[in-house]
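Report on the structure
Below, each chain spelled out in residue letters.
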Amino acid sequence: MKKIIFSLLLTVGAISTANAVQGDAAAGKEKAAMCGACHGATGVTPNPLYPDLAGQKDQYLVKQLADFKSGARTDMMMAPMAANLSEQDMADLAAYFSSQKRASEQVAAPAESAATPATAAAVASKVEIVTSTPAKAIYAGDVKAGQEKSVMCASCHGTDGNSVVPMYPKLAGQSANYTAKQLADFKSGERKDPVMAGMVAALSEQDMNDLAAYFAVQTPTAGTGEGSAIGEKLYFGGDVAKGITACVACHGVKGKGMSQAAFPAVAGQNADYLKKQIASFRNGSRGNDNNSMMRNIAIKLSDNDIDELVKYMSSLK
Ligand code: HEC
Ligand code: HEC
Ligand code: HEC
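Heads up: these notes are all about the structure in this document. Predicted, not measured: the structure shown is a model, and the values here were computed from it. (Residues numbered from 1 in each chain as written. Chains lettered and ligands numbered in written order. Predicted model: local features only at pLDDT ≥ 70, side-chain atom pairs only at ≥ 80, totals over all residues. Heavy atoms only, no water.)

1. Observations concerning the overall build of the protein
- When helices and strands are tallied, the protein shows 17 helices and two strands.
- Within the protein, the proportion of its 317 residues that are buried is 44%.
- Here the analysis covers contacts within the protein between residues at least 6 apart in sequence; of these, 69% occur between residues at least 24 apart.
- Of the roughly 16,600 Å² of accessible surface on the protein, 60% is carried by carbon and sulfur atoms. (Helix = DSSP H or I, 4+ residues; strand = E, 2+ residues; numbered from the N terminus. Buried < 20%, exposed > 50% of the residue type's maximum accessible area, 1.4 Å probe, protein only. Contact = heavy atoms within 4.5 Å. Areas by Shrake-Rupley, 256 points an atom, 1.4 Å probe, with all protein chains shown as cover.)

2. Comments concerning the coordination of the iron atom of ligand 3
- Those donors, H251 (NE2) and M294 (SD), are the protein atoms that reach the iron atom of ligand 3, and they lie 2.0 to 2.1 Å from it.
- Under the relative-accessibility criterion, M294 is labelled partly exposed at 21%. (Donors = N, O, S within 2.8 Å, 3.2 Å for Na, K, Ca; no water.)

3. Describing the coordination of the iron atom of ligand 1
- Here the iron atom of ligand 1 is held by H39 (NE2) and M78 (SD), and the distances to it run 2.0 to 2.1 Å.
- The site at the iron atom of ligand 1 holds six donor atoms, and with the angles between them running 84 to 179°, its shape is octahedral. Placement of H39 in helix α3 (residues 36-39) and of M78 in helix α5 (residues 78-82) is noted, with a sequence separation of 39 residues between them.
- Judged by relative accessible area, which is 10%, H39 ranks as buried.
- Using a relative accessible area of 16% as the deciding quantity, one classes M78 as buried. (Tetrahedral: all angles 85-135°; square planar, octahedral: opposite > 155°, others 65-115°.)

4. Here we look at the packing of aromatic side chains
- Tallying each qualifying case throughout the model produces five aromatic pairs.
- Ring centres of Y235 and F236 lie 5.3 Å apart, and the angle between their planes is 65°; on these two criteria the pair is classed as edge-to-face.
- When the ring of Y235 is compared with that of Y312, the centres are 5.5 Å apart and the planes differ by 55°; the resulting orientation is tilted. One end of the pair, Y235, is in helix α13 (residues 229-237); the other, Y312, is in helix α17 (residues 303-313), with 77 residues separating them in the sequence. In this pair, the class of Y235 matches that of Y312, namely buried.
- The rings of Y235, F236 and Y312 are connected pair by pair, giving a single aromatic cluster. (Phe/Tyr/Trp six-rings, centres within 6.5 Å; stacked < 30°, edge-to-face > 60°.)

None of this, on its own, says anything about what the molecule does.
Structure representation (structure tokens):
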């Protein structure tokens, strides 16, 4: 009798998974690069507001992701994450996270720091750079070497990455992962800018990592924007009626971004530069954001929304 029940169970199991897409944990690990910022690289997070995914049931994870995508389950942070996942992506991600040890069996990684703290910056000589799409490798960027290589950037971005020209972005304190990605994107043409294309043409991958490491540990100057109550409200709350995800979900409470996930810091950035970037995401001329994360949001912003958001972000210290 026991045997019969057992084989029955096996059959039921086989039927219920027969139609499902087979997940590949190794592929899922690569695709999980951008989930790590909130859920931890192995699915265990010290943040009390983000759920652990490690050791969770495979099919449950797939269903949640599908629900975030369809809107059956609503969450302002997860909606844009799930929006562009295919069934295969979901199956792979679920296979990866479900195969990880539960929190009780592994030590949680330290909380992702939003930006390199100034004290650590003073002593840091190497900055770990994770390629963001997907996290295939971790490179060490050499701060000292980066400083030497940054001489030719200084005329536009300032010697310490604090550009004073409104059209040129500040690079000081920016996520190293993000800066390294931008340099690579300018080089590949994924992000288009005639000036920067010329600057990066001769840079090697190591050069880019060194430069990114150098600028990441510089201290950004305070923003000079005038601030905006309307911008602040939109930044923190988004706009449910218009389907605008709150910027805080990815750019952080203080606008410092999420360095690990290569979500850029926007705090105190030059206003003219910010405005041009949002407009470029909106009209599609900038399209180097993974999964159209920024384009999907920018397309819903009005000119007035952009003006107020820029006033707010450029005022953040
Ligand atoms: C910006 C932070 C953030 C990022 C990045 C993020 N998530 Fe989430 N995730 C959340 C939050 C917050 C919740 C809880 C939502 C809620 O309260 O309903 C959540 C919930 C989930 C759940 C449901 C868990 C459960 O127990 O019900 C799954 C599955 C999930 N995330 C998977 C992912 C995957 C896969 C990625 C990467 C593609 C990802 N998340 C990226 C913040 C994030
Ligand atoms: C002649 C002026 C000039 C020089 C020199 C220059 N840049 Fe730029 N840089 C720009 C401009 C203009 C932009 C904005 C491009 C855009 O609008 O998309 C930019 C953008 C960037 C960005 C993107 C920043 C962000 O927040 O997305 C990075 C990173 C960057 N530059 C790094 C460098 C590095 C490293 C060097 C030296 C190797 C350098 N730049 C030299 C003008 C310059
Ligand atoms: C789901 C995550 C997410 C949300 C929500 C989000 N962003 Fe972004 N944003 C990104 C990512 C990722 C990039 C960088 C893309 C790239 O170049 O790799 C970015 C880039 C930007 C940039 C360009 C920064 C630079 O240095 O060039 C600006 C400005 C920006 N976002 C503003 C906003 C505003 C305003 C909102 C809210 C209305 C918002 N973002 C909401 C993920 C997000």
